[in-house]
Each structure stands twice: as structure tokens, then as C-alpha cells.
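Each chain is listed here by its residues.
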Amino acid sequence: MTNKKLHIIYLGSSGFPYGMASIQRLKLISKGLVYAGFNVSVINNRSPIYKEDTIILAPRGNIEGIDYIYTAGTPYRSNTFVKRNALKLYGLLNEFILLCKLNKKKELDVAIISTMSFYAILYYSILSKFFKFIVLLNYAEYITGKRAGADMLLKFNYYLFDKYGLKLVNGLIPISSYLVDHIENALQAGKYIKVPILIDNDKFNSKTDILEEKYFLYCGSLGYFEVIEFILEAFAVISPENKDYKLYLIVKGTSEQFVLLNDKIAQRRINGSVIIFTNLPEKDLICYYKNARALLIPIRKTVQDIARFPHKIGEYLASGSPVITNWEGEIKHYLEDGYSALIAQGYDVNEYVDKMRDVIKNPGKAKIIGENGKNIAGAQFDYRKQGKRLAKFISSFKKDTCSSQIC
């Protein structure tokens, strides 16, 4: 197989090209492989987009060089139970038919799957034997870390995923060193390539408005409420000393979570200093990143946080604003305190407050740290550089000799 003819399909995810970190990773991996000379198609077998989101998307097309299709015939989620489930079945059936057509045209070479479902891995691994294509798993989260609070069916899925799922694929694409260690412990032999967070530097190099406001910024899901409370606690210490500084929260969540957020802000009496945004256009989001005095991303000392590598860190660094974080997970492999980021030793509010004070007292130094962080991001996380590495890894597989075992 040559790079020009190799066709990569993405399976197991849905919502392309819109969505949170997992979809953005999918998109940047795909762009990297297109840049490396491969053809890439994203196959969505479900319709996850709510019409209320005002997203206009055709059921098939090409975005930034990546072909995509919604096999259910629509990207939009139905509000009725019967139609919604009928579309799921229709999407699965059409996905299978599409794979048959691609196989007949000899355009079914390698599939990258992104899922936390053992059953999806099993299904696609069976199809790979039938159609004789390579299956790689995009491994971006330690699924065992999600067991707390899960029901019995989910826990059973997680158990099967950890014990057997990794062994059903031909290769893995872990995002962190923690997941690399897990792979090496779980598999007697395996083929993998660590691909960290990815960024598109071009998006952050464009000119944006210059804002005069002084503010710290956090962007993320209200699902990580513990982290947001940590930030509120730290800012509540900073705010009385520096009343001209604001805290910008760019967040998504349920109405109940927003009520809780406002209650927590009121409890700390920082209502007038905390500004909440949601559903910002990408252009505005980048503008706020680039003008922030510092971007905040505390990392908890939990398996879930240590094993993953937040996509947001890449975006933060690419903006050129200084990042305040702490020594957990992948941070130690890429960043240096006082040079490319401001890094607290632990997940500790007082230590985090000290780093925020450093930014306020030494804005010139903070700016240099932000610029150094941007350079690190360009050297380590650029999707084109990582796309070339991944393309070389994919090309190392011999389709005619691969089976259900690792090549």
C-alpha cells in the first residue's frame, strides 16, 4: 500500500465536525493524515446534533479536506423516541452497507475507532476480520477511572474494555504516558504510538481584537465542577487584593449546573468579578484566550485526570497566553515551571493562588512564559508533525499479514 492510495476511515464516534475534545482530536488526527497524503473519511452512524443548536450541516460532505457522512441520512437527533431509535438502526445498517461498498472498491484499508464501548470494539474487530482491514484504537482516556458511580452494566462494559478490548485491535494510539504504561502491562506484545494533544497553530496565529480588561480565564465543562470550585476558591483569595481583575468562565452544562455555579459564586461574594460565557463562536473564544492575563487548568490527582491529556491545554498554549496548572499527568513531560508555564507543585489552592499572584506582579515575565509555551506547543503538538508520525506508524502495518493478533 502506498500513502496516496491508503484510505483511513474513522468509526465509533459521532458529531463530526462539531463537539467537545474527542471530536476535535478526531478532526486534527484526520487533518494530520490528510496532510501526510492519506485519504480520510469519517463515518458517523448516529445523529447526535440537536436542531436547537442552530448548526447547519449536510448529511455528507467535505470539511478541511476530510470526507464525512452520516449514515442515518441526517446529522440531527429526532425528538421522538421511536424515530430516534429507528435512525440508530438505519445508521448501523447503512454503515455496514457502506463498508461493503468500500471493500468492493478496495478502499477499506485502515479504521481508527474512538469509543469507550467494549461491544463497539468487538463489532468492528469482527468486521475487520471479515473485510480484512486494520483496526486501530484511539485511546484517550483510562476507562477504569470512570467506574465510580457507574451502574452495573457500565461497570461490566468497563471491565471487558480493560481486560479484553485492547487485545482485539491491531494497534493503539494512546494520548499519555500513563496509558502507554497500561498498554504495556495489559498486553504481552503490542504495537502503539503515543500521539499527544494536537493543535492547529494557524487558527491561533490570526489577528484578533486587543482587549484592555484584566482577567483570568477558565474554559471547560460544568461536568468538572470540582475543578471549577477550586478555581472559584483561588480567585476569591485574589479578588479582594486586585479588584480590577475579573474571572472569565467559558462553560457548558445543564440548567441545574448553571444554578449551582451561580450559587457557589454568590457564596464567595465575587458576583461582580465573575463573568460567565457559553456557546461562544470559535473566533471570540480565541480572542478571549489570546487576551487573558493567564489561562487556568488545575489537574486533579486522580487516575482520570492523570491518564488523560486535556485538549484544552494545547489550545491554551497555542494562544500565547501563560498557562497556570500543576504537576500532574503529562505536564511534566512537556512543560517547565517559570519557563513555558506557571506550575504549582500540587493540587492545592494556596499554591495556585501564588502562581496567580506571580502573573499579577510580573506581567512582563508572564508574557514571555506564554510565548515560550506557544513555541513548545508548535514544536510538540502541531497536527501536521504528529500526522506525519502517525502516517509512518500506519504504513508499518502489512495488511496481507495482519489478523486478529497484533502485527
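Owing to the predicted nature of the structure, the values given are computational and were not obtained by experimental measurement.

Draft legend 1. Local environment of the overall build of the protein chain. Across its full length, the protein chain holds 15 helices and 13 strands. Seen along its three principal axes, the alpha-carbon backbone of the protein chain occupies a region of about 70 × 45 × 45 Å. In the protein chain, once contacts between residues fewer than 6 apart in sequence are set aside, the share between residues at least 24 apart is 74%. If you average the places of the 55 positive and of the 39 negative side-chain charges in the protein chain, the two averages end up 8 Å apart.

Draft legend 2. Highlighting helix α9 (residues 282–291). Along α9, the residues classified as buried are L285, I286, C287, Y288, Y289 and N291. Summarising the contacts, the buried residues of α9 are in contact with α6 (201–205), β8 (214–221), β9 (245–252), β10 (274–277), β11 (294–296) and α11 (311–319).

Draft legend 3. A look at the nonpolar core. Of all hydrophobic cores here, the largest spans 97 residues; its most connected members are F216, L217 and L261. No other element matches the nine residues that helix α7 (residues 225–238) contributes to this core. Setting aside chain neighbours within four positions, we find L217 in contact with Y248, I250, Y288, Y289, A292, A294, L295, L296 and Y316.

Draft legend 4. Examining the state of the cysteines more closely. Scanning all chains against the criterion turns up zero disulfides. The structure places no disulfide on C287, whose sulfur is separated from the nearest cysteine sulfur, that of C219, by 14 Å.

Draft legend 5. Region of the structure containing the pattern of salt bridges. If you walk through the whole model with that rule in mind, you get 18 salt bridges. One salt bridge connects K214 with D244, and the closest N-O pair in it is separated by 3.1 Å. Taken together, the residues span a long stretch of sequence, with K214 in strand β8 and D244 in the loop between α7 and β9 at a distance of 30 residues. Taking relative accessible area as the criterion, K214 reaches 30% and is therefore assigned partly exposed. Judged by its relative accessible area of 44%, D244 is partly exposed. Here K312 makes a salt bridge to E315, at a shortest N to O gap of 3.4 Å. Taken together, the residues K312 and E315, both in helix α11 and three residues apart, mark about one turn of the helix. Relative accessible area serves as the criterion here: at 15%, E315 is assigned to the buried category. One network of salt bridges, in which partners are shared, links K27, K31, E64 and D200.

The rules behind these values
- Residues numbered from 1 in each chain as written.
- Predicted model: local features only at pLDDT ≥ 70, side-chain atom pairs only at ≥ 80, totals over all residues.
- Heavy atoms only, no water.
- Helix = DSSP H or I, 4+ residues; strand = E, 2+ residues; numbered from the N terminus.
- Contact = heavy atoms within 4.5 Å.
- Lys, Arg positive; Asp, Glu negative; His and termini not counted.
- Charge placed at Lys NZ, Arg CZ, Asp CG, Glu CD.
- Buried < 20%, exposed > 50% of the residue type's maximum accessible area, 1.4 Å probe, protein only.
- Core = buried A, V, L, I, M, F, W, Y, C linked by side-chain atoms within 4.5 Å.
- Disulfide = S-S within 2.5 Å.
- Salt bridge = Lys/Arg side-chain N within 4 Å of Asp/Glu carboxyl O.

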